[in-house]
Amino acid sequence: RLLIPHCQAAFGLLGADVIEADALVLMRWIRFGKREEFTQREAHNALQYRFKNADKIKKALDSLTIGNCIRLETRKPTTGRPQTVIRVNPGLLYS
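About the criteria used
Residues numbered from 1 in each chain as written. Predicted model: local features only at pLDDT ≥ 70, side-chain atom pairs only at ≥ 80, totals over all residues. Heavy atoms only, no water. Pairing = 2+ DSSP bridges. Helix = DSSP H or I, 4+ residues; strand = E, 2+ residues; numbered from the N terminus. Contact = heavy atoms within 4.5 Å. Axes fitted to C-alpha atoms, helices over the stretch in contact; angles between N-to-C directions. Core = buried A, V, L, I, M, F, W, Y, C linked by side-chain atoms within 4.5 Å. Buried < 20%, exposed > 50% of the residue type's maximum accessible area, 1.4 Å probe, protein only. Phe/Tyr/Trp six-rings, centres within 6.5 Å; stacked < 30°, edge-to-face > 60°.

Undergrad: Looking at this model, I keep getting lost on the pairing of strand 3 (residues 83-88). Mind explaining?
TA: Remark: a regular strand shows side chains that alternate across the two faces of the sheet. Judged from the two bridges that link them, strand 1 (residues 37-38) and strand 3 form a sheet pairing that is antiparallel. Within strand 3, the position partnered with Glu37 by the bridge is Arg87. Sheet topology places strand 2 (residues 70-75) next to strand 3; six bridges connect them, and they run antiparallel. Bridge pairing links Arg75 to Gln83 in strand 3.

See below:
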């Protein structure tokens, strides 16, 4: 019983490492393709082997947003729904 809180804390830390590893994979994809902007759908389709669901890629995107690597912008087309575009920090591409 005494080890249960310790195990929960350890697995919580491991979960953070998984998100960071996912963010690193996403960042490599951005840099390799020299992408200045993309959509979540484009990233998800390109990295399906890694991101089985949208929630997992969303966590990786959130991690990159916190690190100022990317920024989310909403574009309003003349018709239809607004589209969220992910803009990449130029320092990430040209460093």
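Once the structure has been displayed, the description carries forward.
Undergrad: How do you make sense of the sheet that holds strand 2 when you look at a structure like this?
TA: In sheet architecture, strand pairing relies on hydrogen bonds along the backbone and comes in two forms, parallel and antiparallel. Sheet architecture is open: three strands sit in the order 1-3-2, paired in antiparallel fashion. The open sheet has two free edges, formed respectively by strand 1 and strand 2, since each of these has just one partner strand. On the sheet, helix 3 (residues 54-66) packs against strand 1, strand 2 and strand 3 and is oriented at approximately 110° with respect to strand 2.

Undergrad: Sorry, what's going on with the nonpolar core here?
TA: General note: in soluble globular proteins, nonpolar side chains tend to be found buried as a group. Grouped together as the largest cluster of nonpolar side chains are 20 residues, with contacts concentrated most on Leu26, Ile30, Phe38, Leu64 and Ile70. Put simply, the parts of the chain that give this core at least two residues each are helix 1 (3-32), helix 3, strand 3 and helix 4 (90-93). With six residues, the single largest contributor to this core is helix 1. Not counting chain neighbours up to four residues away, the residues in contact with Phe38 comprise Trp29, Ile30, Ala43, Leu61, Val85, Ile86 and Val88.

Undergrad: Explain the side chain of Asp22 here, please?
TA: Following the sequence through the fold, Asp22 ends up in helix 1. Sequence-distant contacts of Asp22, that is, excluding residues within four places in its chain, are made with Arg50, Phe51, Lys56 and Ala60.

Undergrad: I would appreciate a short explanation of the packing of aromatic side chains in the present structure.
TA: Two descriptors summarise a pair of aromatic rings, namely the distance from one centre to the other and the angle between the planes of the rings. If you walk through the whole model with that rule in mind, you get one aromatic pair. Measuring from ring centre to ring centre gives 5.2 Å for Trp29 and Phe38, while their planes differ by 90°; the resulting arrangement is edge-to-face. Given the relative accessible area of 12%, Trp29 is considered buried. Given the relative accessible area of 2%, Phe38 is considered buried.

Undergrad: Help me understand unusual backbone geometry in this model?
TA: The phi torsion at Lys34 lies on the positive side, around 50°, for a residue other than glycine. Counting through the fold element by element, Lys34 comes out in the loop between helix 1 and strand 1. Looking at Lys34, the relative accessible area reads 62%, which means it is exposed. You will see that Asn68, though not glycine, has its phi angle at about 60°, which is positive. The exposure class assigned to Asn68 is exposed, which follows from its relative accessible area of 57%.

All quantities given are derived from atomic positions and should not be read as evidence of function.
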